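The primary structure of each chain is shown beneath.
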Amino acid sequence: MQILTEAETEDSWKTGLGIGRNGSGASKGGSSAAGVSGGVPSPLGCRPRWAATMELSAEYLREKLQRDLEAEHVEVEDTTPSRCASSFRVLVVSAKFEGKPLLQRHRLVNTCLAEELLHIHAFEQKTLTPEQWAREQQK
């Protein structure tokens, strides 16, 4: 098994996209390949460490979900350390979920975090009504 340095990994990744060492693309005019500055995933599904990503925190996501969904309880766990890119697990308890099937609940959460989800690699969510949450607490 061959082990590459970070610089070699970056160079091989860029080469696969047709980008030279100076960042110029192979297209006319020497412009860079579309999406590279945004951190295009590698063929393995992981973003290189040097790729630009939006910095997100569990606290930021918690506050946004609590405010926009009028949630009475929100838990956000940053699971990024065990993954190759930003990933989060959330639990949201909101009266806005009353009478809605699971898919509609998840769509409410996804709509709330639409901009942030563009920068999140993995997102796991659990959505409960206050009544469901109370029952779960009694277990």
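For clarity, every value in this text was computed on a predicted model and none was experimentally measured.

Caption draft 1: Up close: the confidence of the model for the chain. Of the residues in the chain, 60% reach a pLDDT of 70 or more, and the chain-wide mean stands at 74. Ranking the elements of the chain by mean pLDDT puts helix H1 (residues 6–16) last with 45 and helix H3 (residues 102–112) first with 98. pLDDT under 50 marks residues 6–44. Its contacts with residues more than four places away, or in other chains, come to 45 contacts.

Caption draft 2: How the structure looks around the side chain of Thr 127. Residue placement: Thr 127 occurs in strand E3 (residues 122–128). When residues no more than four places from it in sequence are discounted, the contact partners of Thr 127 are Val 92, Phe 97, Leu 102, Arg 105, His 106, Val 109 and Gln 132.

Caption draft 3: Representation of helix H2 (residues 58–68) in the model. Buried within H2 we find Leu 61, Lys 64 and Leu 65. With its buried residues spanning 95 degrees around the axis, H2 presents them on a single face. One or two steps after H2, the chain reaches Glu 70, where phi turns positive at roughly 50 degrees.

Caption draft 4: Spatial organisation of the environment of Leu 128. When you line up the elements, Leu 128 lands in strand E3. Take Leu 128: its relative accessible area is 8%, and that puts it in the buried class. Separated by 57 residues in sequence, Leu 128 and Ala 71 have C-alpha atoms that sit 9.9 Å apart. Apart from the residues within four sequence positions on either side, Leu 128 is in contact with Leu 91, Val 92, Val 93, Ser 94, Phe 97, Arg 105, Trp 133 and Glu 136.

Caption draft 5: Here's a closer look at the nonpolar core. The biggest cluster of nonpolar side chains holds 15 residues, and the ones touching the most others in it are Leu 65, Leu 69, Val 76, Val 92 and Val 109. Put simply, the parts of the chain that give this core at least two residues each are H2, strand E1 (71–78), strand E2 (87–94) and H3. What Val 92 contacts, discounting residues up to four positions off in sequence, is Leu 65, Leu 69, Ala 71, His 73, Val 74, Phe 97, Val 109, Lys 126, Thr 127 and Leu 128.

Caption draft 6: View of the sheet that holds E1. Strand order in the open sheet formed by three strands is E1-E2-E3, with mixed pairing between adjacent strands. A single partner strand is all that each edge strand has here, and the edge strands are E1 and E3. Sheet twist, expressed as the average angle between the axes of neighbouring strands with direction ignored, equals 10 degrees. Docked against the sheet, H3 engages E2 and E3, running at close to 125 degrees with respect to E3.

Caption draft 7: Just the pairing of E2, in detail. With seven of eight residues buried, E2 lies mostly within the body of the structure. With seven bridges joining them, E1 and E2 adopt antiparallel strand pairing. Across the sheet, Asp 78 pairs through a bridge with Phe 88, a residue of E2. As judged from the seven bridges shared by E2 and E3, these two strands associate in the parallel manner. Considered in E3, the bridge of Val 92 is made with Thr 127.

Caption draft 8: Structural detail: the environment of Arg 62. Residue position: Arg 62 is located in helix H2. The exposure class of Arg 62 is partly exposed, given its relative accessible area of 23%. Spatially, the C-alpha atoms of Arg 62 and His 73 are 9.2 Å apart, while their sequence positions differ by 11 residues.

Cut-offs applied
- Residues numbered from 1 in each chain as written.
- Predicted model: local features only at pLDDT ≥ 70, side-chain atom pairs only at ≥ 80, totals over all residues.
- Heavy atoms only, no water.
- pLDDT = per-residue confidence, 0-100.
- Helix = DSSP H or I, 4+ residues; strand = E, 2+ residues; numbered from the N terminus.
- Contact = heavy atoms within 4.5 Å.
- Buried < 20%, exposed > 50% of the residue type's maximum accessible area, 1.4 Å probe, protein only.
- Arc of directions from axis to C-beta.
- Core = buried A, V, L, I, M, F, W, Y, C linked by side-chain atoms within 4.5 Å.
- Pairing = 2+ DSSP bridges.
- Axes fitted to C-alpha atoms, helices over the stretch in contact; angles between N-to-C directions.

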